[in-house]
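# Secondary and tertiary structure notes
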Amino acid sequence: MSELLKRSVRIFFTYGIRTLSLLFAVSVVSFVLISASPINPVQQYLIGLGTAVSPQQRAELEDYWGVNEPPVQRYFGWLSEVLHGNLGESALYRRPVAEIISERFWNSFALMLCAWLLSGVMGFGLGCIMGMYQDRWADKILKKCCYILSAVPTFWLGLVLLLVCSVWLKWFPIGFSAPIGVRSEDVTLGQRIYHLILPAFTLSLMSFSNIALHTRQKLSDVLSSEYVLFARARGEGKWTILRRHGLRNILFPALTLQFASFAELFGGSVIAENVFSYPGLGSAVSAAGLNGDVALLLGITLFSAVFVSFGNMAANILYGIIDPQIREVEA
Amino acid sequence: MEQKDTTLLEIHDLSVSFRMYEHGLKQTDLQVISELHLTVSRGEIVAVAGSSGSGKSLLASAILGILPENATVRGHIHYQGEELTAARQEQLRGTEIALVPQSVSFLDPLMKIGAQLDGHRRPRQTEKRKNLLRRFGLPEKTPQLYPFQLSGGMARRVLVSTALITDAQLLIADEPTPGMSLEQALEALRLFREMADEGKAVILITHDIDLAIAFADRVAVFYAGTTVETAPASDFQNGSKALRHPYTKALWNALPQNGFQPIEGFQPYAGALPNGCLFAPRCPYKTRQCMENNPPIREVRGGEVRCWQFEHPCDEREVYHGT
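Residues numbered from 1 in each chain as written. Chains lettered and ligands numbered in written order. Predicted model: local features only at pLDDT ≥ 70, side-chain atom pairs only at ≥ 80, totals over all residues. Heavy atoms only, no water.

## Regarding the sheet that holds strand S4 (residues 71–79) of chain B
Residues and elements named next belong to chain B. Taken together, the four strands give an open sheet; going across it, the order is S2-S1-S4-S5, and neighbouring strands pair in antiparallel fashion. Only two strands of the sheet have a single partner each, and these edge strands are strand S2 (26–41) and strand S5 (82–83). In the sheet, strand S1 (residues 7–22) pairs with S4 via eight bridges, with the strands oriented antiparallel. Each residue of the ladder has a partner; that of isoleucine 11, found in S4, is isoleucine 77. Strand contacts of helix H1 (residues 56–64): S1, S2 and S4, with the helix running at about 110 degrees to S1, the strand carrying the most contacts. (Pairing = 2+ DSSP bridges. Helix = DSSP H or I, 4+ residues; strand = E, 2+ residues; numbered from the N terminus. Contact = heavy atoms within 4.5 Å. Axes fitted to C-alpha atoms, helices over the stretch in contact; angles between N-to-C directions.)

Here is the structure:
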């Protein structure tokens, strides 16, 4: 067990260094992209305001948004603040970026966690069924469904679900994370979950087919392996083989895939949150991008980079716990 | 030795072919085992000896009923006098008939050896397992290891143990000894002999003809998916004159201690089997009949052989001397 601990600490350390350099690179690239973007934040702000302003007011606004400073200077100004632990203030919301992230992250986290668990469990379960009934009708139908699901864009799927389940059937609310007209302190857990179901389901549909198809493929590899042939020779039945050899050998790649899907999950949440007007990080990041809110955009980008590399690290540590061969080689 | 009432396994005219699709929809049947005959009696070790690619391992799969789905089996297999149907095979696998597989890749890479030795049946044979490990000189910690942590020789001994831990009446050992040291191999073969002496039977699939001669009671010589001859092992010690089939004689002559003479040609591929006798293209004594029809199996001098020369007295034959 201490071997495992040592290994985990080492992974944690190497990943720490890797993550820091990654964060630096991500911040530079994002900053360059924002600087190169044709969006003028002041112009966007004025459009939102809907009134004419005098040139003097406009100059003040430009000063406030900091658009006239040279980009390199702006970047280093931002970087030194970040190194002091200050992510800056969102020009759009007029609040500290850290506060916005911490508030919205919990909404997104609930959404992503539900979607993640749902897609993992559904994907793995259906993948197993497809693998066990390979080339029978159950497999053929499910496989086609998976292909269609991975081909369909998430936002379209979200709109269809919204139209069918919320507008026509009125089963679910049309948007937001809580009912309108209720004070945030008064929102019950039930109401939150109720608002979460449809976006979470939409988001899970995105990565679920991927996991299902991978699981199917892996299970079919396992079932055609020599050790399964030997298990059959020893009289093990189909389901005993799945229990004794199948799950053991496919869980590992499925979990890796599951933890590596954090990036997709984050990307998907941007779309799902916008479709369902769900107040999470995803909708905040698209608002920041469209309004040229540099501090907020960079803050969320960095945060999501940390989140994704945490997922990869978790996958790496799990490797060692599940696969004795890797444990042995690395020890 | 050949008493009919002690016959455990009888294989008659067994053919196995695989459905293959070449160039899209064109379907061909690839025959890998052709009209094979084999009888195994209680108390004996029968070696099935032949070169690689002669379909020896598939014979094991056919007996156990674990051939791939695109395989078609024709012919009859009787176990203890009763037809071995798919349902019966399922019942007998791992209880009455046990397999010793060829390599460590037949062990689950992520399962500890202990669990694999125990198998899925309950109750666990803990005492028996301990004894087997001791007899094979496997370290006490072996059950806690994973397959990749075993040396080649350890893996072989584990594979043999998986079969010996059962109470199987018939053991099919597919190349069980390569990778073992001489002592370990001898110990494994001693265990097989003990099994046979208890009234069980062992089919020893091997390409090692010396091993087959030394340890088996009878040797079935396998060529291109069929048994061309089944002879008492002692016939091999008495030299090529005691043997029956031209291929067996050629095999005997090709052994290092018997002159080391190879014969020309190679074993036909499964997709391109000759019409008549499968050995005819390489046979120095082939006749027109050999090229046209596969000979039936004959009992000759206490063995079985599949050759036309035993249909007629030797001198009447029209002999073609091949190259």
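Still more to cover.
## Describing unusual backbone geometry
Of all residues except glycine, most have a negative phi; of all peptide bonds, most are trans. Residues and elements named next belong to chain B. Following arginine 122, the chain continues to proline 123 via a peptide bond in cis, the omega torsion being 0 degrees. Backbone geometry places glutamine 80, a non-glycine residue, at a positive phi of 50 degrees. With respect to the helices and strands, the residue glutamine 80 is situated in the loop between S4 and S5. Judged by relative accessible area, glutamine 80 falls into the partly exposed class, the value being 38%. Notably, phenylalanine 260 is not glycine yet its phi reads approximately 60 degrees, a positive angle. Among the secondary structure elements, phenylalanine 260 is positioned in the loop between helix H9 (246–254) and helix H10 (288–292). (Buried < 20%, exposed > 50% of the residue type's maximum accessible area, 1.4 Å probe, protein only.)

## Points about the state of the cysteines
Structurally, a disulfide amounts to a covalent bond that connects the sulfur atoms of two cysteines. Taken as a whole and assessed by the stated rule, the structure comprises zero disulfides over all chains. Of the cysteine sulfurs around Cys145(A), a residue in no disulfide, the closest is that of Cys146(A), at 6.9 Å. The thiol of Cys277(B) is not disulfide-bonded; the next cysteine sulfur, from Cys290(B), is found 6.1 Å away. (Disulfide = S-S within 2.5 Å.)

Limitation: the analysis is restricted to geometry and does not speak to function.
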